[in-house]
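# Observations on the three-dimensional arrangement
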Amino acid sequence: MVSFSHDAEGTPESHWRTWQQDSDAVDLQIEELFDGRLPARFLLLAAHPDDETLGAGGLLAKLARAGVRCDVVVLTDGEASHPSSPTHSPDRLAELRRAEVTDAVLVLAPAARVCFEGMPDGRVLHEDVVAVLERELADSEDVRTLVAAPWRHDGHTDHDTVGRAAADVCTERTITLLEYPIWLWHWGTAEEQAEELAGLALHPLDAEEHSRKESALATHVSQTLPLSDAPGDEVLLTPAMLEHFDRTFEAFFVTGAGSTFERLHSAKADPWDVAERFYEQRKRALTLACLPRPRFCRTLEIGCSVGALTKDLAAVSDNLLALDTSETAVRRTNEALIMDVAASARLATVPRDWPREDGPFDLIVLSETGYFLSSEQLDQVIRLMLASLDDDGVVVLCHWRHPIEGWELDGDTVHERVRDHSGLHTLALHTEEDFLLEVFVPAPAHSVARREGLL
């Protein structure tokens, strides 16, 4: 374990600013961890009062503002922060610090629940943290839960214990975990910790989140100001230490559970049995039959899964690009396309990774994918499709019409949104109890017969 003293001269923030400018640390967008959505629940573990604000205050503010259920579990009362204080007993410090963290969370996430566990400061036990986590997660949907905890190698015994326990539980339950370092910024350097820092992701804070974090940190008066002028009451978080947390980002080590779709494709070679089911075979045949031209120059398929429809589209396309959020799905689609050098699949999440440089496209296919987007994301995809569609382009939508549990949209809503917001006209519409198949084109929507001069 790292040995350090909080009152020793630590690594200056200027060192870390240089590291940030020179590093290849990735930006962390929380939605990317949950298939383009925010989590349903955020559980934030603090080893001591103030950890929640220092390590993840901005993230807490962001998720709370977005309506995510937020719970903050404070494991100790931080009563050992000033062991030689002549003015504050451990009981008085515990009382004071509970009040401070309550006020801090009120600033960051007014609706959040704060739970105090009262574990001994400096003597947190692994099994006790595991028990708390198991209790807290008992009613959670694991795939929609995000947990944050102190980094397991932060150098403080309580931080390390809480981080290891969180990692054990989250790994066993396949829950996404963010570990936030605090004391690393004090004792570490970019050179000596280069290997660890390579796994760090930076979550950007907007002005509102940064402001709330700053205000919340100011409530932790017992840590940011001296308790008194007497020896033993010195400030714990010095101005130099606080500089590390006056950033426009927060840093996390991410242990991802993997997206829903990656887990599905990893667990089963063909998650929806699209190759074998007659329902799926017929739907693909109808999709191909509804195309208004026998061939297309450049096709974009959004959400290819294992590539069953992709292969059919490649047969009528001079060039084809398929996208999917699952690495396994992309690999299997590329295996299915191995004999077609003009077709390929790529790992991408839309709208973020929209292939602007690969267009324009004269065929864009969104099949069984639109309801896995949020309303805002679907609106962005509609705008991107329009910007990437050539003047005589075709957009094909096909979606299941029965309920889609756990997602904001359903198939009918996706088609309605495209009709209302794209400016495209419906050229063909096939409606069944189970699915909608719709072909959109720019105005005027000439039928196949009119295009061939039969009318």
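The notes below deal with the structure included here. All values derive from a computational prediction rather than experimental measurement.

Another point: the pairing of strand S13 (residues 389-400). One ladder, built from six bridges, connects strand S12 (residues 361-367) with S13; its direction is parallel. Considered in S13, the bridge of Val-365 is made with Val-396. For S13 and strand S15 (residues 435-441), the ladder comprises six bridges, and the chain directions are antiparallel. Of the residues in S15, the one forming a bridge with Trp-400 is Phe-435.

Residues Thr-328, Ala-329, Val-330, Arg-332 and Thr-333 constitute the buried set of helix H14 (residues 327-336). Where H14 is buried, its residues contact helix H11 (260-267), helix H13 (308-314), strand S10 (317-324) and strand S11 (343-347). Where H14 begins, one side-chain oxygen reaches toward the backbone nitrogen of Thr-328, 3.3 Å away; that side chain belongs to Ser-326.

The next point concerns the environment of Thr-431. The topology assignment puts Thr-431 in strand S14 (residues 425-431). Residue Thr-431 is classed as partly exposed on the basis of its relative accessible area, which comes to 46%. Along the backbone, Thr-431 and Leu-455 are 24 residues apart, and their C-alpha atoms lie at a distance of 26 Å. Contact partners of Thr-431, with chain neighbours within four places excluded, come to Arg-401 and Leu-436.

Tallying each qualifying case throughout the model produces ten aromatic pairs. Where Trp-16 meets Trp-185, the ring centres are 4.9 Å apart and the plane angle is 85 degrees; that geometry is what we call edge-to-face. In this pair, Trp-16 sits in helix H1 (residues 13-22) while Trp-185 sits in helix H6 (residues 184-187), placing the two residues 169 residues apart along the sequence. This pair shows no difference in class: Trp-16 is buried, exactly as Trp-185 is. With centroids separated by 6.0 Å and ring planes inclined at 80 degrees, the aromatic side chains of Tyr-279 and Phe-435 adopt a geometry described as edge-to-face. With Tyr-279 in helix H12 (residues 278-289) and Phe-435 in strand S15, this residue pair connects regions lying 156 residues apart in the sequence.

With that settled, the discussion passes to the pairing of strand S5 (residues 145-150). Within S5, six of the six residues are buried, leaving the element largely enclosed by the surrounding structure. The sheet contact formed by strand S2 (residues 41-46) and S5 spans four bridges and is parallel. When the sheet's bridge partners are listed, Leu-43 is paired in S5 with Val-147. Where S5 meets strand S6 (residues 176-180), five bridges bridge the pair, whose relative direction is parallel.

Thresholds, definitions, all that
- Residues numbered from 1 in each chain as written.
- Predicted model: local features only at pLDDT ≥ 70, side-chain atom pairs only at ≥ 80, totals over all residues.
- Heavy atoms only, no water.
- Pairing = 2+ DSSP bridges.
- Helix = DSSP H or I, 4+ residues; strand = E, 2+ residues; numbered from the N terminus.
- Buried < 20%, exposed > 50% of the residue type's maximum accessible area, 1.4 Å probe, protein only.
- Contact = heavy atoms within 4.5 Å.
- Polar contact = N/O pair within 3.5 Å; in protein donor to acceptor, adjacent residues only side chain to side chain.
- Phe/Tyr/Trp six-rings, centres within 6.5 Å; stacked < 30°, edge-to-face > 60°.

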